[in-house]
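# A structural walkthrough
Each chain, letter by letter, is given below.
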Amino acid sequence: MMKKYILVLLVLTLFLSGCWDRRELNELGITMGLGIDKLKNEYLVSAQVIVPSEVSMNASTGRSAVTLYQASGETVYEAFRKMTKNAPRRIYPGHLRILVISEDLAKEGIAESLDLLARDWELRSDFYVVIAKDLTASEVLNVTTPIESIPANKMFNALKTSERSWAGTEGVILDDLLTDLTSDGKEAVLTGVKIIGNKELGSSKQNVESITSAAQIQYDHLAVFKEDQLIGWLTEEESRGYSDITDAVKKTVTAIPCPKEGQIAIEILGFNTSMKGSINKGEPEVDIHIEVKGNVGEVQCSIDLTKPETIKEIQKIYEKEMKELIEQTIHSVQNEYQSDIFGFGEAIHRSNPKEWKKMKEHWDEKFTNLTVHVQVDMKSLRIGTLNNSFLRKIKD
């Protein structure tokens, strides 16, 4: 009986294939960051590739942990393959962390340049996509960074951390971007990235040898798209308003005025936005309801936090400030860009599919004149470990 089992197993092994798609590490250039620029009629693709010896604790010589390879072509794919002319290893994007697209290319349209990345089976789709603001993508990828020796890792982790702790940045991965680009009721937004300081010194070793780097990579506001074209930028306050509207706030800090003078910093611990679309007398409307839980993080005025009426007054001030910010953000986007980045069209579609089918072809016009009702409720406000600030004793 045992001999029969062995014979069957031997026969089955004849039908097993080997690792036909095996990749040897010493044949690959592990690419962590990609940049796409447009030069006249060609694409310039930049790949930030790891230098293996410099990420090894035993073999590092103190040189840069990454190097930048570039090539141009009529298509992104052609440029990507042409990098083999000067790269000793095949450029491998399977571990990509960040894709940087130049502002100039984004204004022309990003759909064509994303086709390869959406189609390539070697790429995971969990990398972030950002827009280089007022500079090229290659300039961003050419900046060395302290703490994180691989700049693409720094960019990925910084955006992930900022999205969790500060409303106003949006970590958009490729799948989410493609969904927004193909959606009938929502346009895309992407976080902008810029270089602070001397970008010429940013690529030098000197940039990471001093306490204050000569050039630093910083995220900056949200880019507004219509279809696949960048049409403008939100301000910092509008970027925060966008996060509030789209329920993207995890944690953040908001400064509000005290009842008389001074400021209070409120740490947001819980934030929930619900959006509902409806049709009223043949016209679309949207209701936004926001519930907030917060904590008093800092007090720069003389108030008595032990009194329940003081807490209620602060809550009312926060609700008023937040409502005004959201309404101003909506009004600005409606009038300046006419681009439904908030997903109001999707809300109408969910609630009234038949009515949406009638109006989706001219939704831009409907969106511009759309009535949006905003309600903000601060459900609870903690006061931290101190009942009152010591400033109250000093000023009273």
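Scroll up to find the structure.
Residues numbered from 1 in each chain as written. Predicted model: local features only at pLDDT ≥ 70, side-chain atom pairs only at ≥ 80, totals over all residues. Heavy atoms only, no water.

### So, the nonpolar core
Formed by 47 residues in total, the largest nonpolar core has its most connected members in Ile264, Ile266, Tyr318, Ile330, Phe342 and Phe344. Considering every element that reaches this core, the biggest residue donor is helix α9 (residues 308–336), with nine residues. Beyond its immediate sequence surroundings of up to four residues, Phe342 is in contact with Lys186, Tyr242, Ile245, Thr246, Met275, Thr329, Ile330, Val333 and Phe367. Membership of the second largest hydrophobic core comes to 36 residues, among which are Leu34, Ile91, Leu105 and Leu230. (Core = buried A, V, L, I, M, F, W, Y, C linked by side-chain atoms within 4.5 Å. Buried < 20%, exposed > 50% of the residue type's maximum accessible area, 1.4 Å probe, protein only. Helix = DSSP H or I, 4+ residues; strand = E, 2+ residues; numbered from the N terminus. Contact = heavy atoms within 4.5 Å.)

### Considerations on the side chain of Ser339
In this fold, Ser339 is placed in the loop between α9 and α10 (344–351). By relative accessible area, which is 0% here, Ser339 ends up buried. Excluding anything up to four places from it in sequence, Ser339 contacts Glu187, Val224, Phe225, Lys226, Ile231, Val333 and Phe367.

### A few points about the state of the cysteines
Enumeration over the complete set of coordinates arrives at one disulfide. The disulfide partner of Cys258 is Cys301, and the S-S distance across this bridge is 2.0 Å. Handedness here is read from the sign of the S-S torsion; for Cys258 and Cys301, about -85°, the answer is left-handed. Separated by 43 residues along the polypeptide, Cys258 in the loop between β10 (252–257) and β11 (263–280) and Cys301 in the loop between β12 (283–299) and α9 bring together distant segments of the chain. (Disulfide = S-S within 2.5 Å.)

### Here we look at the sheet that holds strand β13 (residues 371–382)
One open sheet accounts for four strands, arranged β10-β11-β12-β13; its pairing is mixed. Looking at strand neighbours, the two that pair on one side only are β10 and β13, the edges of this open sheet. Looking at each pair of strands side by side, their axes are set apart by 40° on average, direction ignored. As defined by bridge partners, β12 adjoins β13 across 11 bridges and the pair is classed as parallel. Note that in β13 the partner of Lys293 across the bridge is Ser380. The strands that α9 touches are β10, β11, β12 and β13; relative to β13, the one it contacts most, it runs at about 150°. (Pairing = 2+ DSSP bridges. Axes fitted to C-alpha atoms, helices over the stretch in contact; angles between N-to-C directions.)

### A short note on unusual backbone geometry
With a phi angle near 65°, Ile147 is a residue other than glycine that sits in the positive phi range. Summarising the element assignment, Ile147 is placed in the loop between α5 (137–141) and α6 (151–165). For Ile147, a relative accessible area of 91% gives the class exposed. One non-glycine residue, Glu227, lies in positive phi territory at about 55°. Counting through the fold element by element, Glu227 comes out in the loop between β8 (215–226) and β9 (229–233). Take Glu227: its relative accessible area is 57%, and that puts it in the exposed class.

### Here's the deal with the environment of Glu238
Mapped onto the elements of the fold, Glu238 is located in helix α8 (residues 236–245). Along the primary structure Glu238 and Ser332 are separated by 94 residues, whereas in three dimensions their C-alpha atoms are 8.4 Å apart. Among residues more than four places away in sequence, those in contact with Glu238 are Gln328, Thr329 and Ser332. Side chain to side chain, Glu238 and Ser332 meet in a polar contact 2.9 Å long. (Polar contact = N/O pair within 3.5 Å; in protein donor to acceptor, adjacent residues only side chain to side chain.)

### Points about the pairing of β10
Of the two faces of β10, the one holding Thr252, Thr254 and Ile256 is buried and the one holding Val253, Ala255 and Pro257 is not buried anywhere. Of the strand pairs in this sheet, β10 and β11 are connected by six bridges, and their pairing is antiparallel. Among the inter-strand pairings, Thr254 is bridged to a residue of β11, identified as Ile266. Taking the residues between adjacent antiparallel strands as the criterion, β10 and β11 are bridged by five residues, where Gly262 takes a positive phi near 95°.

### Details of the side chain of Thr31
Its place among the elements puts Thr31 in strand β1 (residues 28–39). Residue classification places Thr31 among the buried positions, given a relative accessible area of 0%. Apart from residues lying up to four places away in sequence, Thr31 is in contact with Ala47, Gln48, Val49, Ile91, Tyr92, Pro93, His95 and Leu96.

### Considering the packing of helix α4 (residues 111–119) against helix α7 (residues 174–182)
For the pair α4 and α7, the least separation of the axes is 11 Å and the interaxial angle reads 130°. Comparing their axes, α7 and α4 come out oblique. Relative to α7, the crossing made by α4 is left-handed. Seen from α4, the contacting residues are Leu114, Leu117 and Ala118; seen from α7, they are Leu174, Leu177, Leu178 and Leu181. By residue class, the composition of the contact of α4 with α7 is seven nonpolar, no polar and no charged. (Parallel < 35°, antiparallel > 145°, perpendicular 65-115°, else oblique. Left-handed = near helix turned anticlockwise from the far one by under 90°. Nonpolar A, V, L, I, M, F, W, Y, C, P; charged D, E, K, R; others polar.)

### Things to note about the pattern of salt bridges
Throughout the structure, instances matching the rule amount to 15 salt bridges. For Glu108, the salt bridge goes to Lys38, with nearest N and O atoms at 3.1 Å. Highlighted residues: Glu108 in helix α3 (residues 103–108) and Lys38 in strand β1, separated in sequence by 70 residues. Under the relative-accessibility criterion, Glu108 is labelled partly exposed at 45%. Classification of Lys38 by relative accessible area gives partly exposed; the value is 22%. The closest approach of N and O atoms between Lys366 and Glu283, which form a salt bridge, is 3.1 Å. Note that Lys366 is positioned in helix α12 (residues 363–368) and Glu283 in strand β12, a separation of 83 residues in sequence. Note on Glu283: relative accessible area 41%, which makes it partly exposed. Connected through salt bridges with shared partners, the residues Lys133, Lys194 and Asp220 form a single ionic network. (Salt bridge = Lys/Arg side-chain N within 4 Å of Asp/Glu carboxyl O.)

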